[in-house]
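Inside the fold
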Amino acid sequence: MSEPTEHPSALTQTAAHWHALQRQGTVSAAQQRAFMQWLVASPEHLREYMAISEVAGALGDALRDMPIDLDALVAAPAAAANTHNVVQLSPRRSTAAAVPARRRRWLPRVAVAASIALAVGWGTTLALPRTDHFVAEHGAPRQITLQDGSVVHLDAESEVSVRITLLSRRVELERGQASFVVAPDRRPFAVHAAGLQVTDIGTTFDVSLLREQARIGVSEGRVHVRGDGGRGRMLADLGVGQAAQVDYRDQRVQISNEDAASMTAWWHGRAVFRDEPLRDVADRFNRRNAVRLHVSDEAGALRLTGNLRVDDLASLRAFLDQQPALITERRADGIHVRVRSRSTAAL
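Fair warning: this is a prediction, and the values are worked out from it, not measured in the lab.

Scoring rules and cut-offs
- Residues numbered from 1 in each chain as written.
- Predicted model: local features only at pLDDT ≥ 70, side-chain atom pairs only at ≥ 80, totals over all residues.
- Heavy atoms only, no water.
- Helix = DSSP H or I, 4+ residues; strand = E, 2+ residues; numbered from the N terminus.
- Buried < 20%, exposed > 50% of the residue type's maximum accessible area, 1.4 Å probe, protein only.
- Contact = heavy atoms within 4.5 Å.
- Areas by Shrake-Rupley, 256 points an atom, 1.4 Å probe, with all protein chains shown as cover.
- Salt bridge = Lys/Arg side-chain N within 4 Å of Asp/Glu carboxyl O.
- Pairing = 2+ DSSP bridges.
- Axes fitted to C-alpha atoms, helices over the stretch in contact; angles between N-to-C directions.
- Expected span 1.5 Å × (residues − 1).
- Arc of directions from axis to C-beta.
- Polar contact = N/O pair within 3.5 Å; in protein donor to acceptor, adjacent residues only side chain to side chain.
- Core = buried A, V, L, I, M, F, W, Y, C linked by side-chain atoms within 4.5 Å.
- pLDDT = per-residue confidence, 0-100.
- Phe/Tyr/Trp six-rings, centres within 6.5 Å; stacked < 30°, edge-to-face > 60°.

Counting its regular elements, the protein contains 10 helices and 19 strands. Expressed as a percentage of the 347 residues in the protein, the buried residues total 40%. Considering only contacts in the protein between residues 6 or more positions apart, those separated by 24 or more positions represent 50%. On the protein, roughly 19800 Å² of surface is accessible, and the fraction owed to carbon and sulfur atoms is 53%.

So, in structure tokens, the structure goes:
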């Protein structure tokens, strides 16, 4: 007696459907939320999804390794018609060669995975997570919507890598400055920068890599900042309107209270700085403008407070000239800023 045919369960079909959508890489934010809700609704859902992923991976490896000659298949003659209503059966395998029970349990999943694979196409990436890399060039800040619905505001001359997997969302800020408006999701959202891990708890926050320290500001929600790439101690627990400056050398932390709106003012083309070294202020303007500021070491350590349009160098120069300790000079390569000499200040 032949074995009864195993039909794919509704759970298997649903898991295969979600797997195919994830492989396509075109999942909308609403679909991603629905997927995560389905995935965590029951341990059986996660197990079935992982089983489909395993089967699809094995099937993909088999197809890649299979030496298929498509030209030969097309040129091959069609099988002769059978006019005797007789079906020739291949010899029955011995019990030792029978398909193992574990493989038999896979058959419904293989069938579903194969049919979905043919519909979607094996050219798309498998459910293995991919890393997306985003760069904002000089003078060209940009806004990026991630596949989970989160939004990244990337300042000019800045760079991030994003890796979203089944269980986590990870961003690497490689240089510059970025703000993150994090979409609600059961998966943690963590930003890694300069050896720090900033984990959000339903948040809008900003991370900036300055010359000597990293700066993290929270305009909505809450973040935890840890050292040693997330494996170290808690360095800061920041709420709305709080900012932390973490020194690169010893991870010394200084926390301040600030206006939450000022933390995202740069999205709208304004440079808001409060008791900030001139060297870091100059870096902000240099990201956006063709005319560069050249600041001497002595002048760069001077701390300033202001609120200017980031593309208004004339106002910036006037602001700097108002500082009793500074003097500016326009040259062919840009605007040079230095500390006034005593003789100049006496005039």
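Having seen the model, we can carry on.
For the structure on display, the rule yields 17 salt bridges. The shortest N-O distance in the salt bridge between R288 and D155 comes to 2.9 Å. With R288 in helix α7 (residues 278-288) and D155 in the loop between β3 (151-154) and β4 (158-164), this pair connects stretches of sequence that are 133 residues apart. With relative accessibility at 18%, the residue R288 sits in the buried group. The class for D155 is buried, based on a relative accessible area of 3%. Taking the shortest distance from any N to any O, the salt bridge between R338 and E329 comes out at 3.4 Å. Among the residues examined, R338 registers a relative accessible area of 37% and is labelled partly exposed. Because the salt bridges share partners, they merge into one network encompassing D155, R287 and R288.

Here we come to the sheet that holds strand β16 (residues 293-295). With respect to topology, 3 strands assemble into an open sheet ordered β16-β19-β18, the strand pairing being mixed. The open sheet has two edge strands, β16 and β18 (326-331), and neither has a second partner. Strand after strand, the sheet turns through a mean of 25° between neighbouring axes, direction not considered. Of the strands in this sheet, β16, β18 and β19 (334-339) are in contact with α7, which crosses β16 at around 165°. Sitting on the sheet, helix α9 (residues 313-321) is in contact with β16, β18 and β19, with an inclination near 145° to β18.

Glancing now at helix α2 (residues 29-40). If you check α2, its first and last C-alpha atoms are 17 Å apart, about what 12 residues at 1.5 Å a residue would give, namely 16 Å. Looking only at α2, the buried set comprises Q32, F35, M36, W38 and L39. Along α2, the residues classed as buried sweep out an arc of 160° about the axis, all on the same side.

A positive phi angle, close to 55°, is found at D228, a residue other than glycine. The phi angle at Q251 is positive, at roughly 55°, despite the residue not being glycine. Here Q251 shows up in the loop between β13 (242-247) and β14 (253-257). According to the relative accessible area criterion, Q251 is partly exposed, its value standing at 22%.

Turning our attention to the sheet that holds strand β1 (residues 131-136). Spatial strand order, β1-β4-β5-β7-β8-β11-β12: 7 strands in an open sheet with mixed pairing. Pairing within the sheet leaves two strands with one partner each, and these edge strands are β1 and β12 (234-238). Each adjacent strand pair in this sheet contributes to an overall mean axis angle of 20°, direction not counted.

Right, let's get into the environment of W267. With respect to the helices and strands, the residue W267 is situated in the loop between α6 (260-263) and β15 (270-277). Given the relative accessible area of 27%, W267 is considered partly exposed. When the C-alpha atoms of W267 and H153 are compared, they prove to be 7.1 Å apart, with 114 residues separating the residues in sequence. Excluding anything up to four places from it in sequence, W267 contacts H153, S179, V181 and T204. In terms of polar contacts, W267 uses its side chain to reach the side chain of S179, at 3.1 Å.

Looking now at the pairing of strand β9 (residues 204-209). Burial analysis of β9 places 6 of its 6 residues in the buried class, which makes it a mostly covered element. Note that strand β6 (residues 177-181) and β9 share 5 bridges and pair antiparallel. Each residue of the ladder has a partner; that of Q177, found in β9, is S208. Where β9 lies against strand β10 (residues 213-220), 6 bridges are found, and the strand directions are antiparallel. Of the residues in β10, the one forming a bridge with L209 is A214.

Turning our eyes to something else, we now look at the nonpolar core. The biggest cluster of nonpolar side chains holds 32 residues, and the ones touching the most others in it are F180, V191, F205, V207 and I216. Once residues within four sequence positions are removed from consideration, F205 is found in contact with A178, S179, F180, V182, F189, V191, V198, D200, G217, V218 and V223. Of all hydrophobic cores here, the second largest spans 18 residues; its members include F273, A299, V310 and L316.

On average, residues of the protein score 80 in pLDDT, and 73% of them are at 70 or above. Note on residues 1-6: pLDDT is under 50 here. Beyond four places in sequence and across chains, it has 3 contacts. A low-confidence stretch, residues 85-99 (pLDDT under 50), is modelled with 2 contacts involving residues beyond four sequence positions or located in other chains.

The next thing to look at is the packing of aromatic side chains. For the structure on display, the rule yields 4 aromatic pairs. Between F35 and W38, the ring centres sit 6.5 Å apart and the planes meet at 25°, which makes this aromatic pair stacked. Taken as a pair, F35 and W38 lie in helix α2 at a separation of 3 residues, close to a single helical turn. Judged by its relative accessible area of 1%, F35 falls in the buried class. Site record: aromatic cluster; members linked through ring pairs are F180, F189 and F205.

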